[in-house]
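Architecture at a glance
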Amino acid sequence: MTSDRRAPTPYSNLPPSRYWRSAVAEMHPLDMEELYSPKFRIGLTDRIAVAGSCFAQHVGRALRSSGFSVLDQEPAPDGLAPQMAETFGYGIYSARYGNIYTARQLLQLLHDCVSGTVREADFWMRDGRYYDAHRPSVEPKGLESLAEAMAHRRQHLGKVKAMLETTDIFIFTLGLTETWQDIASGTVYPTCPGVIAGTFDAGKHAFKNFDAEEVLQDMIEARRLLKAINPGMRFLFTVSPVPLTATASGQNVLVATTYSKSVLRAVCGSLYGKFEDVDYFPSYEIIVSPSTRGFFYEPNMRSVNRHGVNHVMRTFLKSQEVEVAGKSKRANGQKGKAQKGKPRQEETRGDVVCEEALLEAFA
Amino acid sequence: MAMKICMIGNSHIGALKLGWKQIRHSHRHEVSFLGVPGVQIRNLAIEHGTVVPTSDHSRKYFEKTLGAESIELDRYDVVVVVGCGLNLIGALSVTGRWRPYTLVDETARDDQTQFDLVSDRLFAEILSSKIRKSLANRYITKMARQGAARVLYVTTPLPSSEIRLKPQEDPVMDLVAGAHGPAVASLYRDAIEQVMGRDKVVFPPADVLVDGAMTDMRYSRGSLRLDGKREHPEDDMHHMNADYGALVLEAVFSRLAGAAGVR
């Protein structure tokens with residue numbers, strides 16, 4: 001016989017942040033609390049490498065302007081105007097790899113870094129100029145010869161490897177599950193061949209939409225490779241809240257976006273649970289929460305506006321106990337290892353470089 | 001057609017002034033020279049159509065070289081800006097770390113640590129950016145806007161070919177003296193023309209150059225300082241003599257003759 005007195009359940013007496021009503025429905029989205037409890041602290045002197053999809057550009061800028069030591073292994077040439085530097089892929093991430101949208105793209109980059117492999121097939125042509133198919137936007141007018149393009153890529157891989165060898169924290173924003181790949185080699189590209197350079201050939205190129213298992217395995221392998229390069233490296237993963245510009249999946253783009261983001265979010269959850277050195281920051285949740293009613297998006301309902309970016313970064317910095325003005329509570333304003341000289345001008349700008357948005361031109 | 005010409009520049013104007021002495025008998029032009037050496041050339045203001053000194057030092061040189069306190073631009077048919085700090089070696093300083101593939105020796109192309117590779121398009125942009133921001137470009141732009149009938153720019157002499165005889169510690173000098181010299185000089189020349197306009201720039205005649213990248217050492221020997229009396233030190237590879245100045249002036253006059261009547 002059971003008592004009619006209610007026994008406590010695991011849901012009894014939980015803090016307000018554990019209930020939807022008190023945590024979300026009745027809370028102003030700017031005031032939501034306990035969204036993120038860092039697994040590990042990131043110090044201002046920790047060397048941070050930033051990579052990922054377009055949204056990661058905001059992360060890198062915000063961290064730099066807050067005094068974190070964001071690495072820049074391929075700095076822009078002296079005297080180059082910031083806007084021009086950005087056009088050529090400088091200062092956007094910690095090296096000139098451009099946007100890395102998928103886990104497979106990251107894994108490919110790491111494999112190539114470790115092996116130093118540069119293949120002729122890695123290059124696309126347009127108007128007689130050569131483009132690195134893995135980062136076609138960093139040279140907007142391409143390069144003169146295949147030999148030159150290969151030399152650039154070889155050097156880039158060396159720089160990325162050198163960057164990883166000194167990285168304490170690797171921040172990666174997962175952006176997409178959809179990609180285009182070379183059927184014969186399985187190589188994936190950040191853009192569909194033919195969008196920036198190269199030629200689309202239905203006999204050679206195929207659409208690929210990764211599932212959760214594939215993305216998880218790619219990320220586990222990527223982590224393994226990164227740890228082999230630098231055993232002390234720790235990871236902070238985020239999911240881009242930016243919806244797909246277009247989908248080739250055959251589904252409505254909203255449905256395709258939900259699939260893509262769900263897969264990526266689930267993978268981050270798995271990685272978070274599996275590895276002590278992997279943390280997850282919920283920038284995705286902060287932006288897409290129903291309580292925001294979309295006000296963190298630009299009118300195109302796709303790009304995250306500066307208020308959204310600022311709020312994401314404020315939440316991150318607060319959780320990491322760093323004041324937004326750039327003075328650390330923990331590090332007494334100590335400058336990071338990679339912070340030298342005056343602040344970069346690009347930190348005051350909010351534009352991001354996003355090849356995926358080019359697809360809109362084809363809409 | 002005789003013209004009233006005002007030449008404004010840094011120490012490199014010395015060679016032109018001495019050159020003028022050699023050739024003035026064969027020209028009817030009236031030529032004035034303002035020379036303000038070194039960084040003091042920055043201390044000029046161009047206001048209301050007049051060039052004035054903004055420091056005691058530059059004021060002293062107005063008096064010493066021009067014999068006047070200011071330059072009223074509209075009193076001249078042509079104003080010629082000379083040197084003013086824009087030079088091949090300075091413009092190429094970026095090559096100490098960043099170089100296009102074509103400017104890296106074939107033997108060093110596999111050494112990924114020696115230089116950061118940049119594309120030819122970006123390198124051209126870097127050079128153009130430097131030229132756009134240069135004092136020389138600011139001066140010619142401002143003078144043209146403030147009433148000068150015509151403005152020309154005479155480039156700073158290319159370094160003496162004597163640099164080939166002496167080991168160069170400066171990698172940029174080494175680049176200019178080496179196999180890539182003609183290519184870098186050509187890129188520099190293209191960038192100046194692109195930024196300032198081909199019709200505004202006067203380069204030294206081709207026959208005073210070696211490989212298009214250096215000035216024949218005959219023209220650097222015996223170069224004199226702005227006072228026209230003391231010689232530049234023996235290791236000076238950048239200042240030229242009166243013969244050079246005369247040839248450059250002839251190139252300026254020839255350009256003006258080609259555009260006679262243009263005001």
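Source: prediction; values computed, not measured.

**A few points about the overall build of chain B**
In terms of helices and strands, chain B carries eight helices and 12 strands. With respect to the principal axes defined by its C-alpha atoms, chain B has extents near 60 × 40 × 35 Å. Sorting the 263 residues of chain B into buried and exposed places 56% on the buried side. Excluding contacts between residues fewer than 6 apart, the proportion of contacts in chain B whose partners are at least 24 apart in sequence is 73%. For chain B, the accessible area works out to roughly 11900 Å², and carbon and sulfur atoms hold 46% of it.

**Side note on the overall build of chain A**
For chain A, the helix and strand inventory stands at nine helices and 10 strands. Buried residues in chain A amount to 53% of all 363 residues. Considering only contacts in chain A between residues 6 or more positions apart, those separated by 24 or more positions represent 72%. As displayed, chain A offers around 16600 Å² of accessible surface, 52% of which is attributable to carbon and sulfur atoms.

**Looking at the pattern of salt bridges**
Proximity of charged atoms lets side chains of opposite charge pair with each other. Residue and element names in this part refer to chain A. For the coordinates displayed, the defined rule picks out 29 salt bridges over all chains. Its salt-bridge partner being E285, residue R265 comes within 2.5 Å of it at the nearest N-O pair. With R265 in helix α7 (residues 253-274) and E285 in helix α8 (residues 283-288), the pair connects residues that are 20 residues apart, well separated along the chain. We classify R265 as partly exposed; its relative accessible area is 26%. Each of D112, R119, D122, D132, R135 and R153 takes part in salt bridges that share partners, so that together they form one network.

**Overview of the interface of chain A and chain B**
Opposite the 26 residues of chain A that make contact, chain B presents 18 residues. Where chain A packs against chain B, one counts two salt bridges. With a closest N to O distance of 2.9 Å, B:D120 and A:R129 form a salt bridge. Remark: the boundary between chain A and chain B carries eight residue pairs in polar contact (both at pLDDT 80 or more). The element best represented in the side of chain A that touches chain B is helix α5 (residues 146-165) of chain A, accounting for eight residues.

**Considering the UniProt feature "domain: GSCFA" (unreviewed entry) in chain A**
The positions UniProt marks with the feature "domain: GSCFA" (unreviewed entry) are residues 47-316 of chain A. Annotated as residues 47-316 of chain A, this span is 40% helix and 16% strand, and its ends, taken at the C-alpha atoms, are 17 Å apart.

**Describing helix α2 (residues 55-65) of chain A**
Residues and elements named next belong to chain A. Of all 11 residues making up α2, 10 are buried, and the element is well covered by its neighbours. Within the sequence span of α2, burial applies to F55, A56, Q57, H58, V59, G60, R61, A62, L63 and R64. Along its buried surface, α2 packs onto β1 (47-52), β2 (69-70), α3 (82-87), β5 (169-174), α8 and α9 (306-319). Of the residues trailing α2, G67 is marked for its positive phi of about 95°.

**Regarding helix α4 (residues 120-133) of chain B**
In an α-helix there are 3.6 residues to a turn, and that puts residues three or four apart on one side. Taking 1.5 Å of rise per residue, the 14 residues of α4(B) would be expected to cover 20 Å, and the 20 Å separating its terminal C-alpha atoms lies within 8% of that figure. Looking at the packing, one finds that the buried side of α4(B) touches α3 of chain A together with α3 (88-91), β7 (98-100), β8 (116-118), α5 (135-145) and α7 (181-196) of chain B.

**Looking at the sheet that holds strand β3 (residues 44-47) of chain B**
Residues and elements named next belong to chain B. With respect to topology, three strands assemble into an open sheet ordered β3-β4-β5, the strand pairing being antiparallel. Each edge of the open sheet carries a strand with a single partner, namely β3 and β5 (71-72). The pairing of strand β4 (residues 50-53) with β5 spans two bridges and is classified as antiparallel. Bridge assignment links T50 to a residue of β5, and that residue is E72. The strands touched by helix α2 (residues 56-66) within the sheet are β3, β4 and β5, with β4 carrying the most contacts at an inclination of about 115°.

**Considering a negative patch on the surface**
Residues B:D105, B:E106, B:D170 and B:D174 make up a contiguous surface patch of negative charge. Topologically, B:D105 is positioned in the loop between β7 and β8.

**So, the sheet that holds strand β1 (residues 4-9) of chain B**
Residue and element names in this part refer to chain B. What the five strands build is an open sheet, ordered β2-β1-β6-β9-β10; its pairing is parallel. Where the open sheet ends on each side, the last strands, each with one partner, are β2 (30-35) and β10 (201-202). Where helix α8 (residues 242-258) meets the sheet, its contacts fall on β1, β2, β6 (78-82), β9 (151-154) and β10, and the angle it forms with β9 comes to roughly 150°.

**What to know about the pairing of β3(B)**
Residues and elements named next belong to chain B. In this sheet, β4 lies alongside β3 in antiparallel orientation, the contact comprising four bridges. Within β4, the position partnered with L44 by the bridge is P53. What sits between β3 and β4 in their antiparallel hairpin is a turn of two residues, with H48 showing a positive phi close to 50°.

**Description of the packing of aromatic side chains**
Residues and elements named next belong to chain A. Evaluated as defined, the whole model comprises 13 aromatic pairs over all chains. With a centroid separation of 5.2 Å and 80° between ring planes, the pair formed by F281 and F316 is classed as edge-to-face. Of this pair, F281 sits in the loop between β10 (278-280) and α8 while F316 sits in helix α9, and the two are 35 residues apart along the sequence. You can call F316 buried: its relative accessible area is 3%.

**A closer look at the nonpolar core**
Side chains of nonpolar character tend, in soluble globular proteins, to be buried together. Formed by 89 residues in total, the largest nonpolar core has its most connected members in B:M7, B:I71, B:M143 and B:M196. When sequence neighbours within four positions are dropped, the list of residues in contact with B:M196 reads B:L86, B:I131, B:A136, B:N137, B:I140, B:Y153 and B:V201. One finds A:V50, A:V59, A:V278 and A:V322 within the second-largest nonpolar core, a separate group that totals 77 residues.

**Observations regarding the packing of helix α4 (residues 103-115) of chain A against helix α6 (residues 212-229) of chain A**
Residue and element names in this part refer to chain A. One way to put it is that α4 packs onto α6 with a least axis distance of 9 Å and a crossing angle of 30°. Considered as vectors, α4 and α6 are oriented roughly parallel to each other. Crossing handedness for the pair α4 and α6: left-handed. Between α4 and α6, the contacting residues are A103, R104, L106, L107, L110, H111 and V114 on the first element and V215, D218, M219, E221, A222, L225, L226 and I229 on the second. Its residues assigned to classes, the contact of α4 with α6 shows 11 nonpolar, one polar and three charged.

**Structural notes on the confidence of the model for chain B**
In this model, chain B carries a mean pLDDT of 91, and residues with pLDDT of at least 70 account for 97%. Looking at the elements of chain B, mean pLDDT is at its lowest for helix α6 (residues 171-177) of chain B, recorded as 90, and at its highest for β9(B), recorded as 98.

Thresholds, definitions, all that
Residues numbered from 1 in each chain as written. Chains lettered and ligands numbered in written order. Predicted model: local features only at pLDDT ≥ 70, side-chain atom pairs only at ≥ 80, totals over all residues. Heavy atoms only, no water. Helix = DSSP H or I, 4+ residues; strand = E, 2+ residues; numbered from the N terminus. Buried < 20%, exposed > 50% of the residue type's maximum accessible area, 1.4 Å probe, protein only. Contact = heavy atoms within 4.5 Å. Areas by Shrake-Rupley, 256 points an atom, 1.4 Å probe, with all protein chains shown as cover. Salt bridge = Lys/Arg side-chain N within 4 Å of Asp/Glu carboxyl O. Polar contact = N/O pair within 3.5 Å; in protein donor to acceptor, adjacent residues only side chain to side chain. UniProt positions renumbered as here; feature names shortened; annotations may be inferred. Expected span 1.5 Å × (residues − 1). Pairing = 2+ DSSP bridges. Axes fitted to C-alpha atoms, helices over the stretch in contact; angles between N-to-C directions. Patch = residues over 30% accessible without salt bridge, like charges linked within 9 Å, V, L, I, M, F, W, Y side chains within 5 Å. Lys, Arg positive; Asp, Glu negative; His and termini not counted. Charge placed at Lys NZ, Arg CZ, Asp CG, Glu CD. Phe/Tyr/Trp six-rings, centres within 6.5 Å; stacked < 30°, edge-to-face > 60°. Core = buried A, V, L, I, M, F, W, Y, C linked by side-chain atoms within 4.5 Å. Parallel < 35°, antiparallel > 145°, perpendicular 65-115°, else oblique. Left-handed = near helix turned anticlockwise from the far one by under 90°. Nonpolar A, V, L, I, M, F, W, Y, C, P; charged D, E, K, R; others polar. pLDDT = per-residue confidence, 0-100.

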